[in-house]
Amino acid sequence: MKRIIVIAGHYGSGKTELAVSLALSLAKQQEKTYPRLALVDLDVANPYFRSREQQELLRAHGVQVYSDTFGGSMTAELPALTAALRAPLEDDGCQTIVDLGGNDAGARVLRQFGKYFQGDEHELWAVVNFCRYETGTLENAMAHVESIERELSLTAHCLVNNTHLLRETTPEIIREGHKMAAELSQMMGKKLMYTCYPAGIVSPDALEGIPSLQPLGLYMRPAYLDK
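From a predicted model like this one, the values you see are computed outputs, not experimental measurements.

Basis of the calculations
Sequence order as written defines the numbering, with residues in each chain counted from 1. Where totals are concerned, whole chains, interfaces and linings use all residues; where local detail is concerned, this predicted model gives features only for residues with pLDDT of at least 70, and gives and counts side-chain atom pairs only at 80 or more. Excluded from the side-chain calculations are hydrogens and water; all other atoms, namely the structure's heavy atoms, are used. Salt bridges are identified by distance alone: a Lys or Arg side-chain nitrogen within 4 Å of an Asp or Glu carboxyl oxygen. Helical segments are the DSSP runs of H or I of at least four residues, strand segments are the runs of E of at least two, and each set is numbered from the N terminus. Burial here depends on accessible area, computed with a 1.4 Å probe over protein chains only, as a share of the maximum for the residue type. Under 20% is buried, over 50% is exposed, and the range in between is partly exposed. Here the expected length of a helix is defined as 1.5 Å per residue gap, with one fewer gap than residues. It only takes one pair of heavy atoms within 4.5 Å for two residues to be counted as in contact. What makes a nonpolar core is a set of buried Ala, Val, Leu, Ile, Met, Phe, Trp, Tyr and Cys residues whose side-chain atoms join them at distances within 4.5 Å.

Looking now at the pattern of salt bridges. With the rule as written, the count across this model stands at five salt bridges. Salt-bridge contacts for Lys-15 lead to Asp-99; the nearest nitrogen and oxygen are separated by 3.7 Å. Note that Lys-15 is positioned in helix α1 (residues 15-28) and Asp-99 in strand β4 (residues 94-102), a separation of 84 residues in sequence. When sorted by exposure, Lys-15 lands in the same class as Asp-99, which is buried. The salt bridge involving Lys-190 is made with Glu-149; its shortest N-O contact spans 2.8 Å. Of the two residues, Lys-190 is situated in the loop between α6 (171-188) and β7 (191-198) and Glu-149 in helix α5 (residues 138-152); the sequence distance between them amounts to 41 residues. The residues Lys-190 and Glu-149 share a single accessibility class, namely buried.

Below, the structure written as structure tokens:
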């Protein structure tokens, strides 16, 4: 895993949930590759479900959060970014997770920080959710990944399978998503980095045989939406 991890994907793919869950997982590791850990929220395209909303939880676990000028309190709904977010990108001792907005339009903001993504310190993860209408087929999922790559002038280093239906997710849904993601990885010549599953809803024991499982919390899902 590289020092800078850029997480991109289509709207509703669950990339923000992955960014928050991954940050918390790395923070809880006993042996850390880097002494510092940060999450940079670059999602200025969608006013909902942004990683900055969980900054108190993240900071409580030692994850520094960078987003807007006022720390997410006063400008939560505005497309305003703080210049301070360059700090973790320039800090060789800080592992940094970058959460981009959805689709190619949401990912576009990364272009102004292009100088940080010219070397070999970063990797771009493309998140796909085959339960979403826009990416329900291999062809559509590939088109979304390629559109993000074109917008960023970067190549996605790997794919992350995040096929789920939130609290309605079953092991069968994840298995089918993994099967499609494995096929997509072969079509595009990219590594399948992880297959995600919602912890507490699906047991990893029910996913035996699927490699590289990544548990996800439902940190970005307000409880009232499930009532």
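Quick look at α6 now. The terminal C-alpha atoms of α6, which comprises 18 residues, lie 25 Å apart, in line with the 26 Å expected from a rise of 1.5 Å per residue. Buried within α6 we find Ile-173, Ile-174, Gly-177, His-178, Met-180, Ala-181, Leu-184, Ser-185 and Met-188. Considering only its buried residues, α6 is in contact with β5 (122-128), α5, β6 (158-161) and β7. Remark: Gly-189 follows α6 within two positions and exhibits a positive phi of approximately 65°.

What follows deals with α1. In this model α1 runs 20 Å from its N-terminal to its C-terminal C-alpha over 14 residues, within 8% of the 20 Å that 1.5 Å per residue would give. Burial analysis of α1 places 12 of its 14 residues in the buried class, which makes it a mostly covered element.

Moving on: the nonpolar core. If you look at the biggest cluster of nonpolar residues, it comprises 35 residues, and the most contacted ones within it are Leu-42, Val-98, Leu-100, Leu-110 and Phe-117. In terms of residue count, α5 provides more of this core than any other element does, five residues in total.

Relative to the elements of secondary structure, Cys-94 occurs in strand β4. Given a relative accessible area of 5%, Cys-94 falls into the buried group. The spacing of Cys-94 and Gln-64 is 30 residues in sequence and 9.8 Å in space, taken between C-alpha atoms. Cys-94 has contacts with Arg-3, Tyr-34, Arg-36, Leu-37, Ala-38 and Pro-88, leaving out every residue within four places of it along the chain.

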